[in-house]
Amino acid sequence: MAKLAIRTDQLTREFGSLRAVDDLTIEVPEGIIFGFLGPNGAGKTTTINILLGLIEPTKGGAELLGFDVREHSQDIRALSGALLEYPGLYEQLSAADNLEFYGRIWRLTRSEIQVRIKDLLTQIGLWERRGERLAKWSRGMKQKLALARTLIHHPRLIFLDEPTAGLDVMAAATIRDDITNMAREEGVTFFITTHNMTEVEKLCHEVAVIRQGRLVAVGQPEELRRHAGSPRLEIIGKGFNGDVINLLEGLPDVSSVELKEDQLTINFARDIDTAPLVNRMVASGVQIDEVRKGKASLEEVFITLMEEEK
Amino acid sequence: MIADILTVIWKERRSLFRHHGSRLRAIFSLVVPIAVFGILLPWQEGSGWIEGFWSIITCVFIPLLLVGTIIPESFAGERERHTLETLLSSRLPDQAILFGKIIVAIIYGWGMTLIVLLLGLIIANATGWEGQIILFPPIIALADVVVSLLLAAIMASLGVFISLKSATVQGATQMLMATTLFPILILGISFTFIFSMKGDLSQRIKNALESLDQTQAVLITIAVLFVICSCLFWAAAVRFKRQKLIGS
C-alpha cells in the first residue's frame with residue numbers, strides 16, 4: 001500500500017454558523033499530483049489552511065507526512081511548501097533575494113542556497129533576470145518564481161492554491177509544464193486547488209471534488225468521467241428530422257438527444273455498440289459527415305456533480 | 001530561534017528603504033528629521049541645545065517618526081501586499097517573525113536618534129564654540145539614550161498591535177501617529193494653558209515643576225516608559241499568532 005502524504009478524518013471547520021469544511025475524509029498517496037476541486041467558497045482554501053496548521057479544525061483531524069496537524073504543525077510546515085492565493089513575493093527585493101530569504105528560512109547553507117537558486121531559476125528560464133526587482137515583472141513570471149520558491153528547500157509536499165488563476169493561456173501552460181517537470185524531477189506530492197478542468201485533466205493523477213465543504217467525489221479523473229459522465233455519440237451531418245429524433249429517443253439505452261444546427265448529441269445510459277444505431281440513421285436518410293464517440297469531459301462531470309448536490 | 005530571528009532581520013534590513021519601490025521617498029522622510037533636529041535646531045540654539053531639553057525633545061520625536069513609518073510598512077505592509085500568508089505558511093516561528101521585525105525597527109529608530117544627537121552635539125559645539133567641547137549633562141545623556149530606546153520599543157510594539165488590525169499601511173500609519181501624537185499634543189496644550197494662567201494654581205504648578213529633582217524626574221519617566229513598553233510588547237506578542245492572523 002502506498003504511503004500517504006495526507007490523510008484527513010472527518011475534518012470540519014466552522015466559522016460561527018458557517019461550516020466551511022464539513023466532515024472531509026480524503027487520502028492522498030505520496031508522489032502524486034492531487035487536484036482539489038470545488039466552486040468558489042467550497043472550502044478549498046480553508047482546507048489548505050487547516051492542513052498547513054494555520055487554522056485549527058473544529059472537529060476531526062488530519063495527518064500530513066505522518067504528523068498530526070494539531071500537535072505538529074511546525075513539523076508539517078518544515079516539510080511543506082505553499083503557493084497560496086497570491087504569489088507572496090517581496091516586490092522590492094530581487095528574484096534571487098526572494099529565493100535566498102526562503103532558503104535562509106529553511107536553514108539551507110549559503111552554498112546550498114546559491115546552487116538551488118541557480119538550478120531553480122534555470123529550470124524556469126529566469127536565471128538571467130535573477131538580479132531584477134520584481135515590481136515590473138509580469139504576473140506569469142512572478143507566479144513561476146513563486147513556484148520555484150516553494151521548492152527551494154526540497155519539500156516533500158507542496159500546496160498550490162489556484163496556481164494559474166488570472167494568467168494568460170501561454171503563462172498558464174508554462175506553469176503547468178513547470179509543475180509537471182518539478183513533480184517528475186523532485187518527486188514531491190502536489191496538492192492543487194483549481195477551477196480549471198483542463199488543468200486537472202492534464203496534471204492530476206487523482207482528484208477530489210467538494211461542494212459547501214463536503215466531499216462529493218474522489219478518484220482518478222478517468223474514473224470520475226466513467227462514473228459521473230455518461231457515454232455519448234456526437235454526429236455531424238444533415239437530415240436530423242423529427243422522425244429520426246423520435247426513433248432515437250424511443251431506444252431503451254438512449255437517455256437524451258440534443259440537436260444543435262448540424263450537430264446531434266446522443267447520450268446513453270450505458271456503454272453500447274453504436275454501429276447498428278448509426279446504420280439505422282443512415283437507412284432513415286440522414287447524411288453523416290462525422291461521428292465522434294466519447295465520454296463527458298471532466299468539466300461536464302464537475303457541473304453534473306454540482307447540480308446533483310443542489 | 002536566534003537563527004530564525006536573524007533571517008527575518010536579514011530580509012527586513014534589505015527591504016528597509018525599498019518599500020513601495022521608492023527609495024527616494026524613504027530617504028527624504030529620513031533626511032527631514034535629521035535636518036531639523038540634528039542640524040537646524042543645534043545651529044540656532046548653540047550650547048543651549050546641549051544643556052537644555054532640546055536633546056530630550058529630539059529623543060521623543062525621532063523614534064516616534066522613524067519607527068512610526070517603518071512598523072506599519074513591516075506588518076500592515078505584509079498584509080496589504082499579500083506576503084503575510086506565505087510567510088506564515090513557512091517554518092518560521094511566530095516569535096521569530098515578530099522579534100525580527102521589531103528589532104530592526106527599534107535599531108533603526110534608536111540608532112538614527114543617537115546619530116542625530118551626535119550630529120547635533122557637533123554642530124552645537126561648532127556654532128557656539130566657547131573654547132572647549134561641551135557635552136550633555138550625565139542625567140540628560142542617560143535620558144537621551146534610554147528614553148529614545150524605550151520610545152522606539154513602545155512605538156514598535158504599539159505599531160504591531162495597530163498594524164495587525166489595519167488593512168492598509170496608510171491606515172496603520174495614520175492610526176499609529178494619531179495614537180502617539182495625541183497624548184503629546186494634549187500634554188503640550190495643557191502646559192501652555194497652565195503657564196499662561198494667572199493665579200495661585202498656576203504658580204503652584206510652576207513651582208512644583210521647577211523644584212522637581214532632575215535625576216528623579218528622569219528615573220520616574222524611564223520607569224513609567226518601561227512599564228508601558230513591557231505591557232505593549234506583551235500585548236503585541238499575544239496578538240501575533242498564526243491562528244489569530246489567518247483566522248481573523
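Let us look at the structure shown here. (Residues numbered from 1 in each chain as written. Chains lettered and ligands numbered in written order. Predicted model: local features only at pLDDT ≥ 70, side-chain atom pairs only at ≥ 80, totals over all residues. Heavy atoms only, no water.)

With respect to the overall build of chain A
And step 1. What chain A contains, in helices and strands, is 11 helices and 15 strands.
And step 2. For chain A, restricting intrachain contacts to residue pairs at least 6 apart in sequence, the fraction spanning at least 24 positions comes to 69%.
And step 3. Surface accessibility of chain A: about 14,300 Å² in total, with carbon and sulfur atoms responsible for 46%.
And step 4. Here chain A contributes 38 positive and 47 negative side-chain charges, whose respective centroids are spaced 5 Å apart. (Helix = DSSP H or I, 4+ residues; strand = E, 2+ residues; numbered from the N terminus. Contact = heavy atoms within 4.5 Å. Areas by Shrake-Rupley, 256 points an atom, 1.4 Å probe, with all protein chains shown as cover. Lys, Arg positive; Asp, Glu negative; His and termini not counted. Charge placed at Lys NZ, Arg CZ, Asp CG, Glu CD.)

Topic: the nonpolar core
And step 1. Core analysis: the biggest nonpolar cluster contains 148 residues, and I6, L64, F159, I179, F190, F191 and V209 of chain A have the highest contact counts within it.
And step 2. Broken down by element, this core gets its largest block of residues, 14 residues, from helix α7 (residues 138–163) of chain B.
And step 3. The residues touching F191 of chain A, leaving out its near neighbours within four places in the chain, are I6, I26, V28, F34, F36, I48, L51, I158, F159 and L160 of chain A.
And step 4. If you look at the next biggest cluster of nonpolar residues, it comprises 16 residues, including L233, V254, L277 and V286 of chain A. (Core = buried A, V, L, I, M, F, W, Y, C linked by side-chain atoms within 4.5 Å. Buried < 20%, exposed > 50% of the residue type's maximum accessible area, 1.4 Å probe, protein only.)

A short note on helix α6 (residues 169–186) of chain A
Residue and element names in this part refer to chain A.
And step 1. In a regular helix each residue adds 1.5 Å, so 18 residues correspond to 26 Å; α6 covers 25 Å between its end C-alpha atoms and thus fits that length.
And step 2. A171, A172, I175, R176, D178, I179, M182 and A183 are the residues of α6 that are buried. Projected onto a plane normal to the axis of α6, the buried residues spread over an arc of 160° and lie on a single side. Away from its buried face, by an angle of more than 90 degrees, α6 presents the exposed residues V169, M170, R184 and E185.
And step 3. In the core, the buried residues of α6 are packed alongside β4 (33–37), α4 (110–123), α5 (139–151), β8 (157–161), β9 (189–194) and α7 (197–203).
And step 4. G187 occupies a position one or two residues after α6 and carries a positive phi of about 65°. (Expected span 1.5 Å × (residues − 1). Arc of directions from axis to C-beta.)

Section: unusual backbone geometry
Residues and elements named next belong to chain A.
And step 1. Even without a glycine there, the phi angle at L65 is positive, about 50°.
And step 2. Summarising the element assignment, L65 is placed in the loop between β5 (59–64) and β6 (67–68).
And step 3. A positive phi is found at H154, a non-glycine position, where the angle reads about 50°.
And step 4. Position of H154 among the secondary structure elements: in the loop between α5 and β8.

Side note on the layout of surface pockets
Residues and elements named next belong to chain B.
And step 1. Approximately 1,400 Å³ is the volume attributed to the largest pocket.
And step 2. Taken together, 32 residues line the largest pocket, and the ones lying closest to its centre are I56, V60, L187, F191 and T221.
And step 3. The greatest single-element share of the lining of the largest pocket, amounting to 9 residues, is contributed by helix α10 (residues 214–239).
And step 4. In terms of residue class, the lining of the largest pocket is made up of 26 nonpolar, 5 polar and 1 charged. (1 Å grid on protein atoms, 1.4 Å probe; cavity = no way out; pocket = protein on both sides within 12 Å on 5 of 7 lines; lining within 4 Å. Points joined across faces, edges and corners; volume = space filled by probe spheres on them. Nonpolar A, V, L, I, M, F, W, Y, C, P; charged D, E, K, R; others polar.)

Points about the environment of S138 of chain A
And step 1. Within the secondary structure, S138 of chain A is located in the loop between α4 and α5.
And step 2. Each C-alpha atom of the pair S138 of chain A and I236 of chain A lies 42 Å from the other, and the pair is 98 residues apart in sequence.

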